[in-house]
Amino acid sequence: MGMTYIPSTLSEALHLRAETGARPLAGGTDMMVQSKRGIGLAPEFPYPVMIISGLEELRGITKHEDGSVEIGALASPAEIAASDIVPWHVRMAAAGMGAVALRNSATIGGNIGNASPKGDLPQPLILLDADVILVSLRGETKMKLDDFILGSKKTALKDDEIIRSVIIPPHEFTYSFYRKIGMRRANAISKLSLSAAAVVRDGEILDFRAASGASGPKVIRSYSAEAIIRGRRVEDIPEVLDGFLEAWNAAISPHAMPQYRRNTTRRMLSHFLSSIHDGAEAGIIS
Ligand SMILES: Cc1cc2nc3c(=O)[nH]c(=O)nc-3n(C[C@H](O)[C@H](O)[C@H](O)COP(=O)(O)OP(=O)(O)OC[C@H]3O[C@@H](n4cnc5c(N)ncnc54)[C@H](O)[C@@H]3O)c2cc1C
């Protein structure tokens, strides 16, 4: 069994991480389950662990002057869902995570660090081109979350680094869509989730993007499929829709229930784009 440390400052945590390689434990909702031993027995970690839940430096949700929003790694889904400065897609995903107890104890840093393809928060964050901020004794690194998550349960986190926060750049979408499909409305891991957003001005589609969760080893964004729609006029949507859906279909690789996941994703994307074509009022497409 590994040692357990409880650092009280980020500086102490970074020294511990560099010297012992101790793994950060934030809410523990993934780590405790992964290391459980049986009913009535406390989980045992075969590696050193540091409990980071007391680190004030990893808390808070801030809007910066450039309009970007920074969410500290320890922010819980409940805090994120309740914040009116967090972009809508991310709030929706946070509000749909687990049940109340989980929404209060899990963290955004843990959801990213766990890198499950079914994790709810990376999907809207990748849609919004979020960056992740990593800290170590060597300094601070900023990288796209889409590059940080390498695959199922794999990240680019180095042995001496800790996730400090995520930064979401500002966007002004005219159309937004979010849906999580689980076994039940709450307390269910995603079977499938999809976010989409568009900026349409004077009939021109200036921006279009989509991201889907639980459709491959990591969140899928197909930049080449998005390019089929971006720059087009709204009235061209029927002409390019099939080509876009085919390109999207080629980008996803669901490992279980592939037909169901492919058909459902296709229907949701088609619904979003057809609604825009049919003159839906700007706002949320439901
Ligand atoms: C009953 C139940 C229901 C669940 N439902 C959902 C759901 O609906 N949607 C969903 O997405 N997930 C769900 N989960 C999974 C889990 O709750 C989330 O992934 C959660 O966000 C993990 O956060 P945590 O703080 O508890 O992570 P932890 O267990 O503390 O850590 C998870 C991983 O991230 C790393 N880590 C944590 N913080 C940092 C940091 N700051 N820097 C570097 N690495 C870090 C840890 O080392 C570990 O590898 C559920 C889990 C359970 C048990």
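Numbering of residues starts from 1 in every chain and runs along the sequence as written. In keeping with the model being predicted, local features are shown solely for residues with a pLDDT of at least 70 and side-chain atom pairs are shown and tallied solely at 80 or more, while totals for entire chains, interfaces and linings include all residues. Just so you know, side-chain values use all the structure's heavy atoms and leave hydrogens and water out.

With respect to unusual backbone geometry
Here's step 1: Even without a glycine there, the phi angle at Ala115 is positive, about 50°.
Here's step 2: Here Ala115 lies in the loop between α6 (108–114) and α7 (122–127).
Here's step 3: Exposure classes here rest on a 1.4 Å probe applied to the protein chains alone. A residue is buried below 20% of its type maximum, exposed above 50%, and partly exposed in between. Residue classification places Ala115 among the buried residues on the basis of a relative accessible area of 1%.
Here's step 4: Residues other than glycine seldom take positive phi values, yet Ala214 does so here, at roughly 60°.
Here's step 5: Take Ala214: it is sitting in the loop between β13 (204–213) and α9 (223–229). Numbering goes from the N terminus for both helices and strands, where a helix is a DSSP run of H or I of at least four residues and a strand is a run of E of at least two.

Here's the deal with the domain arrangement of the protein chain
Here's step 1: In this document the domain limits rely on a domain assignment from an automatic tool or a database. Considered domain by domain, the protein chain is made up of domain 1 (4–168) and domain 2 (175–284).
Here's step 2: The C-alpha-based centres of domain 1 and domain 2 are spaced at 27 Å.
Here's step 3: In this assembly, 23 residues from domain 1 lie in contact with 27 residues from domain 2.
Here's step 4: Buried area, as used here, totals the accessible surface that two parts lose on assembly, with accessibility defined by a 1.4 Å probe and the loss added over both. A buried area of about 2000 Å², summed over both sides, lies between domain 1 and domain 2, and 56% of it is on carbon and sulfur atoms.
Here's step 5: On the domain 1 side of the interface with domain 2, the three residues burying the most area are Lys118, Gln123 and Leu127, jointly 32% of the side's total.
Here's step 6: Only one rule defines a salt bridge in this text: a Lys or Arg side-chain nitrogen within 4 Å of an Asp or Glu carboxyl oxygen. Linking domain 1 with domain 2 are 4 salt bridges.
Here's step 7: As used in this structure description, the phrase polar contact means that two N or O atoms lie within 3.5 Å; if the pair is within protein, one of them must be able to donate a hydrogen and the other to accept it, and residues adjacent in sequence are counted only when both atoms belong to side chains. Viewed at the interface, domain 2 and domain 1 are joined by 16 residue pairs in polar contact (both at pLDDT 80 or more).
Here's step 8: Mapped by element, the contributors of at least two residues to the side of domain 1 that touches domain 2 are α4 (88–95), α7 and β8 (149–151).
Here's step 9: Looking at the side of domain 1 that touches domain 2, the element that brings in the most residues is α7, giving 5 residues.
Here's step 10: Put simply, Ala, Val, Leu, Ile, Met, Phe, Trp, Tyr, Cys and Pro go in the nonpolar bin, Asp, Glu, Lys and Arg in the charged bin, and everything else, Gly too, in the polar bin. Within the side of domain 1 that touches domain 2, the residues separate by chemical class into 13 nonpolar, 6 polar and 4 charged. Only heavy atoms matter for contacts: two residues are in contact if any of them lie within 4.5 Å across the pair.

A short note on the nonpolar core
Here's step 1: Membership of the largest hydrophobic core comes to 46 residues, with the highest contact counts inside it found for Ile71, Ile80, Ile108, Leu121 and Leu125.
Here's step 2: Counting contributing residues, this core receives three or more from each of domain 1 (4–168) and domain 2 (175–284).
Here's step 3: In contact with Ile108, other than residues within four places in its own chain, are Ile71, Gly72, Ala73, Ala75, Ile80, Leu121, Leu125 and Val166.
Here's step 4: Judged by nonpolar contacts, the second largest core, of 28 residues, contains Leu194, Ile205, Phe244 and Ile252. To qualify as a nonpolar core, a set must consist of buried Ala, Val, Leu, Ile, Met, Phe, Trp, Tyr and Cys residues joined through side-chain atoms within 4.5 Å.

With respect to the site of the ligand
Here's step 1: Whether a residue is near a molecule or strand depends on its heavy atoms: it is near if one of them lies within 4 Å of it. Neighbouring the ligand are 30 residues, the closest being Pro24, Gly27, Thr29, Asp30 and Thr107.
Here's step 2: Take Gly98: an N or O atom from its main chain is 2.9 Å from an oxygen atom of the ligand.
Here's step 3: With respect to the ligand, the side chain of Thr107 contributes an N or O atom lying 2.6 Å from an oxygen atom.
Here's step 4: Surface accessibility follows the Shrake-Rupley procedure with a 1.4 Å probe radius. Residue values consider only the protein chains on display as shielding. Starting from 990 Å² of accessible surface for the ligand in isolation, the protein chains cover 88%.
Here's step 5: Elements that contribute at least two residues to the shell around the ligand include exactly β2 (23–25), α2 (31–34), α6 and β10 (162–168).
Here's step 6: With 5 residues, α6 is the single largest residue contributor to the shell around the ligand.
Here's step 7: The class makeup of the residues in the shell around the ligand is 15 nonpolar, 12 polar and 3 charged.
Here's step 8: Counting contributing residues, the shell around the ligand receives three or more from each of domain 1 (4–168) and domain 2 (175–284).

Considering α4
Here's step 1: Those residues of α4 that fall on the buried side of the exposure criterion are His89, Val90, Ala93 and Ala94. One face of α4 carries all of its buried residues, which in axial projection span an arc of 130°.
Here's step 2: On its buried side, α4 packs onto α3 (77–82), α5 (100–105), α7, β10, β11 (175–181) and β12 (192–201). What the arc covers is the set of directions going from the helix axis to the C-beta atoms.

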